[in-house]
Amino acid sequence: MKKSFVVILGLTLCLCLSACSGQITPQTSAQPNTNQEQSDVITDDASSSDRTQTGIVGNETAASSETEEETMERKLKLIIDGQEISITLYNTPTANALYDMLPLDLTFEDFNGVEKISYLTDELPTEDEPDGCDPDVGDFCLYAPWGNLSIFYQDFRYSNSLIKLGHIDSGMDIISSRNEDFSAILEKVE
């Protein structure tokens, strides 16, 4: 009798676990762990419409997080001889550190006919950033080993230690038309 009870209990437990295994989703920063979501997932007698509802809540949460990240992006302007270049600064640790340093007086020079670079006096933190990137025209980056800002006016190959900070929204023609070194002011758009 005890063996039968243990076998039935074991089979019931296995069935419950296998039924729930497809319902539990790993939590990420884009999916906050709330009590309501847990109760929807863990309930054994949840109907398929309840399971679909949980998926919708998860998708709305992810969309909400993406919207929050977009609103965390900040606008900068690079002023060259009275002309303004609009820049969107990404929400990354390195970009946030740059934002805290503003305003900055910078001197840009051409590098390899591909980018305009300016050296920073203070080092930016690069922890938790990607190992490199493949810059496109208009990318605003930091080259970590040299500590310089880069504005790419030509497409370039993947480069180790290159960190995207943001993107030029308008005014690329002002930058790409410069043949000589130029001074600029980088500041926040308030």
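Not measured: the values here are computed from a predicted model. (Residues numbered from 1 in each chain as written. Predicted model: local features only at pLDDT ≥ 70, side-chain atom pairs only at ≥ 80, totals over all residues. Heavy atoms only, no water.)

1. A closer look at the nonpolar core
As a reminder, the rule being used: Throughout, nonpolar core names a set of buried Ala, Val, Leu, Ile, Met, Phe, Trp, Tyr and Cys residues whose side chains join them through atoms within 4.5 Å. Here's how the labels work: a residue is buried when its accessible area is under 20% of the maximum for its type, exposed when over 50%, partly exposed in between, all with a 1.4 Å probe on protein chains only. Secondary structure is summarised from DSSP: a helix means a run of H or I of at least four residues, a strand means a run of E of at least two, and numbering begins at the N terminus for each. Contacts between residues were defined by any pair of non-hydrogen atoms, one from each residue, lying within 4.5 Å.
Membership of the largest hydrophobic core comes to 30 residues, with the highest contact counts inside it found for Leu-78, Leu-98, Phe-140, Leu-165 and Leu-186. If one sorts the elements of this core by residue count, helix H4 (residues 93-101) sits on top with four residues. Once residues lying within four places of it in the same chain are set aside, the contact partners of Phe-140 are Ile-87, Leu-89, Leu-98, Leu-149, Ser-150, Ile-151, Ile-163, Lys-164, Leu-165, Gly-166, His-167 and Leu-186. If you look at the next biggest cluster of nonpolar residues, it comprises five residues, including Val-114, Cys-141, Phe-152 and Leu-162.

2. A word on unusual backbone geometry
Across the chain, the bulk of peptide bonds are trans and the bulk of non-glycine residues have phi less than zero. Across the junction of Leu-102 and Pro-103, the peptide omega takes the value 10°, indicating a cis bond. By the element assignment, Pro-103 lies in the loop between H4 and strand E3 (104-111). Within the chain, Asp-128 stands out as a residue other than glycine whose phi angle is a positive 65°. With respect to the secondary-structure elements, Asp-128 resides in the loop between strand E4 (115-119) and strand E5 (132-133).

3. Structural notes on the side chain of Arg-178
Basically, it comes down to this: Under this definition, polar contacts are N or O atom pairs within 3.5 Å; protein pairs additionally need one hydrogen-donor-capable and one acceptor-capable atom, and for neighbouring residues in sequence, both atoms have to be side-chain atoms.
Looking at the secondary structure, you find Arg-178 in the loop between helix H5 (172-176) and strand E10 (182-188). Look at Arg-178 and you get buried, because its relative accessible area is 18%. Within the local environment of Arg-178, its side chain forms a polar contact with the side chain of Asp-81, the two groups lying 2.9 Å apart. Residue contacts for Arg-178: discarding those within four places in its chain leaves Ile-80, Asp-81, Gln-83 and Lys-116.

4. A few points about the packing of aromatic side chains
Rules: Here a Phe, Tyr or Trp ring, Trp counted by its six-membered ring, pairs with any other such ring whose centre lies within 6.5 Å, and the pair is stacked when the planes are under 30 degrees apart, edge-to-face when over 60, and tilted otherwise. A positively charged side chain is recorded as over a ring if its NZ (Lys) or CZ (Arg) lies within 6 Å of the ring centre. The angle to the ring normal must also be within 35 degrees.
Counted by the stated rule, this structure contains four aromatic pairs. For the ring pair Tyr-143 and Trp-146, a centre distance of 5.2 Å and an interplane angle of 85° mean the geometry is edge-to-face. Classification of Tyr-143 by relative accessible area gives partly exposed; the value is 23%. Aromatic ring contacts, followed pair by pair, group Phe-111, Tyr-143 and Trp-146 into a single cluster. The residue whose ring lies beneath Arg-178 is Phe-182, and the NZ or CZ to ring-centre distance is 5.7 Å. The ring of Tyr-99 carries the charged tip of Lys-188 above its face, separated from the ring centre by 4.6 Å.

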